[in-house]
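Single-letter residue listing:
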Amino acid sequence: MLCLSLSLSLSLSLSLSLSLSNTILRFVVKFFPPDTQLLEELTRYLFALQIKHDLACGRLTCNDTSAALLVSHIVQSEIGDFDEVQSFQHLLHNKYIPNQDTLMDRITEYHRKHVGQTPAESDQQLLEISRRLEMYGVRLHPAKDREGTKLSLAVSHVGLLLFQGDNRINTFNWSKVRKLSFKRKRFLIKLRPDLNQSGYQDTLEFTMASRDCCKIFWKICVEYHAFFRLFEEPKPKPKAVLFTRGSSFRFRPNMHQPSPFNAHSSPLSSPLFTDAGYVRTDDEDEVRRKKFPTDEAYFIAKELLTTERTFQKDLAVITVSFQAVLGKQEVLPDSVRTLINTNYDPVYQFHQAFLKEVEQRLQQWEGRSNAHIKGDYQRVGDVLLKNVQGLKQLTPLLQRYGEVLVELERSCRSSQRLEEACREFEQQKVCYLSLNMFLLRPLHRLLHYKLILERLCKHYPPTHQDFRDSRAALADISEMVLQLQGTMTKMENIQKLLELKKDLTGIQDLAIPGREFIRLGCLSKLSGKRLQQRMFFLFSDSLVYTSRGMTADNQFKVHGQLPLYGMTIRESEDEWGLPHCFTLFGQRQSVVVAASCLSEMVKWMEDIRMAVDLVEQSNRPTDLLSTSQSDRSNLLRKFKNSNGWQKLWVVYTNFSMFFYKSHQDDYPLASLPLLGYSLTVPAETENIQKDYVFKLHFKSHVYYFRSESQYTFQRYLSVS
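A short tour of the structure in this document, coming up.

Thresholds applied
- Residues numbered from 1 in each chain as written.
- Predicted model: local features only at pLDDT ≥ 70, side-chain atom pairs only at ≥ 80, totals over all residues.
- Heavy atoms only, no water.
- Buried < 20%, exposed > 50% of the residue type's maximum accessible area, 1.4 Å probe, protein only.
- Helix = DSSP H or I, 4+ residues; strand = E, 2+ residues; numbered from the N terminus.
- Pairing = 2+ DSSP bridges.
- Core = buried A, V, L, I, M, F, W, Y, C linked by side-chain atoms within 4.5 Å.
- Domains from an automatic or database assignment.
- Contact = heavy atoms within 4.5 Å.
- Phe/Tyr/Trp six-rings, centres within 6.5 Å; stacked < 30°, edge-to-face > 60°.
- Lys NZ or Arg CZ within 6 Å of the ring centre and 35° of its normal.
- Axes fitted to C-alpha atoms, helices over the stretch in contact; angles between N-to-C directions.
- Parallel < 35°, antiparallel > 145°, perpendicular 65-115°, else oblique.
- Left-handed = near helix turned anticlockwise from the far one by under 90°.

### What to know about the pairing of strand 25 (residues 701-706)
The two faces of a sheet get side chains in turn, since along a regular strand they alternate between them.
Working step 1: Counting buried residues in strand 25 gives 5 out of 6 residues, a clear majority hidden from the surface.
Working step 2: A loop of 2 residues connects strand 24 (residues 693-698) with strand 25, the two strands running antiparallel in sequence, and Lys 699 in this loop sits at a positive phi of about 55 degrees.

Structure, rendered in structure tokens:
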């Protein structure tokens with residue numbers, strides 16, 4: 001048997017066997033890309049064949065739940081919707097995983113849930129689940145370290161991987177690797193120096209079975225690096241006439257990063273290069289865009305879909321991840337657990353069904369799953385109306401969300417162990433925001449539905465068939481928002497006080513009942529003969545300002561607190577000779593501050609006077625409802641000095657951008673806090689030459705983002 005690995009210029013080739021006399025040629029996937037969103041169905045099918053083969057031979061290891069889910073998608077792809085007799089017979093005669101017999105019940109249980117899923121969709125799900133497994137695309141090469149410990153080396157798109165058994169114990173990213181070499185049986189990894197790490201080794205040495213094993217693994221590493229990292233073609237060395245020496249490896253066109261040589265690739269590689277979905281030309285972008293509807297209502301519906309996907313993951317943080325982590329530690333009180341199960345779980349289950357309906361409607365709208373069905377599916381108002389009416393039945397549960405937040409905070413105050421467990425959970429990648437923000441998500445989501453429906457009603461003419469349903473849904477969701485306004489305001493105020501409690505030191509009992517947060521900002525306080533910048537926090541009963549700078553724990557230390565009762569305020573530019581200056585007169589002290597501009601000074605004075613009036617009337621100011629619902633979509637990102645665009649799933653919330661590889665990832669790859677950044681459109685001199693591009697820049701940091709449509713582009717400009 002002769003096994004050949006052909007790269008072409010894609011990361012896969014035909015997964016089939018050809019019988020040529022006594023020789024069997026098996027074409028296999030060589031490079032496993034991190035993004036499995038392949039455009040061509042044939043390419044996706046061939047890639048799925050490789051995953052099936054890896055599962056069957058035990059190379060792609062995973063837990064029983066993942067294995068059963070993968071097999072259920074394979075069966076759905078091969079025989080279609082679930083039929084008890086047919087499915088059982090099929091599993092009886094086909095072996096997809098080594099321990100299939102013990103998982104038959106679980107496989108059929110998952111298969112029941114895939115009704116209506118086409119073979120292409122099943123293959124896509126198979127690839128999406130597989131790429132998140134620890135052993136996806138991993139080919140282990142046995143080795144030993146200097147102490148003789150048995151290990152395994154592997155290579156992937158991110159770099160070199162080190163395994164002990166089936167557990168990954170280290171990763172050496174390509175950016176950290178300076179040089180790879182081998183000497184007889186020794187494989188050497190030279191790393192870039194890290195001055196911040198004590199005892200750092202710049203050279204790692206591993207021993208393999210033979211020189212041939214070392215050379216084979218070295219060539220695989222070089223090819224992976226060329227495939228995923230190189231930007232230009234290395235100049236070939238002069239070829240010897242009679243004798244050759246060293247490796248025969250030559251650069252192949254780069255798939256993962258843009259390369260000027262891709263334009264000159266062979267006719268065989270060009271179509272496959274597009275299939276991988278990494279880089280496309282301008283013409284290919286246009287062809288791809290024309291496949292989708294151009295009606296603005298479609299992009300509004302797509303915004304509903306993308307945000308609903310992220311919202312479902314946010315709900316899972318509370319209903320699944322939080323309870324699972326704290327349940328293992330046995331620190332979560334029954335009172336909190338009962339409130340979450342009673343009030344959040346039904347909402348989570350409702351939105352799972354809602355998301356599935358929206359996904360099916362968008363597939364029908366795009367013509368991907370309704371070739372055999374007649375009907376007008378280019379609308380979304382009817383889906384929204386049906387589910388908003390269902391959501392109205394859950395209003396009593398949403399009204400109790402304030403109780404969950406208050407009970408969790410009360411329990412944390414009485415149990416230091418619970419408080420520490422909650423803080424540790426917030427450090428996990430899946431919890432990319434504070435825990436309290438996830439508790440608020442369902443209420444903020446109602447506001448987003450209202451905005452989406454308002455845009456639909458504004459877009460549709462009154463004669464459009466979807467206008468009536470959209471208007472009825474808007475009336476229902478507006479009624480819900482009005483009913484839940486008090487709960488929303490109360491929860492947001494509690495959440496903000498709890499967040500400030502973490503950031504401020506030197507003040508006791510910040511989150512007391514009845515206190516409301518109004519605003520914060522930077523003002524310059526007159527100390528001696530000079531102005532010093534301080535952070536000011538305005539509450540419903542007092543004005544707090546901090547010391548200069550932050551503590552070692554990135555906190556603000558409270559320097560002073562002015563009660564609002566009896567406070568007076570007046571402009572004092574002439575008195576002190578400072579622009580935009582005003583003086584606060586308290587019962588025991590007075591403070592002179594200056595704003596950065598006239599409008600900022602006027603706003604601070606108005607808010608303080610309003611708070612003082614309400615205190616003296618024994619009333620509390622109503623909290624300003626924050627618009628902290630998030631926007632999510634696919635964007636292409638490019639750095640200032642790079643050539644290619646990277647496709648990312650972006651969540652924009654709380655003045656930050658969170659970047660995911662796709663909407664199915666559990667946690668973000670990175671984040672970008674946007675306070676201080678400016679948003680503009682690139683100038684002609686920047687030579688971007690793409691449509692729907694906006695630019696974020698702060699000092700020398702510059703990022704470019706491309707959206708898929710004029711609608712998405714305008715949404716990001718308006719939100720930012």
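Moving on, there is more to tell.
### Some details on the nonpolar core
Working step 1: Counting 80 residues, the largest nonpolar core has Phe 322, Leu 326, Leu 446 and Leu 456 as its most contacted members.
Working step 2: Considering every element that reaches this core, the biggest residue donor is helix 9 (residues 296-329), with 14 residues.
Working step 3: Per-domain counts for this core show at least three residues from each of domain 3 (296-498) and domain 5 (649-718).
Working step 4: When neighbours within four sequence positions are excluded, Leu 326 is seen to be in contact with Val 331, Leu 332, Leu 418, Ala 421, Cys 422 and Phe 425.
Working step 5: In terms of nonpolar packing, the next biggest core, distinct from the first, is built from 55 residues, Ile 74, Leu 103, Val 155 and Leu 160 among them.

### Focus on the packing of aromatic side chains
Working step 1: Across all of its chains, the model carries 19 aromatic pairs by this definition.
Working step 2: Taken together, a centroid distance of 6.1 Å and an interplanar angle of 10 degrees make the contact between Phe 659 and Phe 705 stacked. A residue pair is termed long-range when its members are at least 10 positions apart, and Phe 659 in strand 21 (residues 656-660) and Phe 705 in strand 25 qualify at 46 residues.
Working step 3: By relative accessible area, which is 4% here, Phe 659 ends up buried.
Working step 4: When the ring centre of Trp 604 is taken as origin, the NZ or CZ atom of Arg 519, which lies over that ring, is 4.2 Å away.
Working step 5: Between Arg 706 and the ring centre of Trp 645, over which it is positioned, the NZ or CZ distance is 5.0 Å.

### With respect to the packing of helix 9 against helix 11 (residues 345-365)
Working step 1: Two numbers describe how helix 9 lies on helix 11: the axes approach to 9 Å, and their chain directions differ by 150 degrees. Our classification of the angle between helix 9 and helix 11 gives roughly antiparallel. For helix 9 against helix 11, the interelement crossing comes out left-handed.

### Re the sheet that holds strand 11 (residues 504-505)
Working step 1: Sheet architecture is open: 8 strands sit in the order 11-15-14-13-12-18-17-16, paired in mixed fashion. Each end of this open sheet is capped by a strand with a single partner; those strands are strand 11 and strand 16 (568-571).
Working step 2: Against the sheet, helix 20 (residues 598-616) makes contact with strand 12 (517-527), strand 13 (530-539), strand 14 (542-546), strand 16 and strand 17 (581-585), and its axis sits at roughly 120 degrees relative to strand 12, the strand it touches most.

### Details of the side chain of Arg 637
Working step 1: Within the element layout of this structure, Arg 637 appears in strand 19 (residues 631-639).
Working step 2: Once you skip the residues sitting within four places of it in the chain, Arg 637 turns out to touch Gly 644, Trp 645, Gln 646, Leu 648, Phe 659, Tyr 704 and Phe 705.

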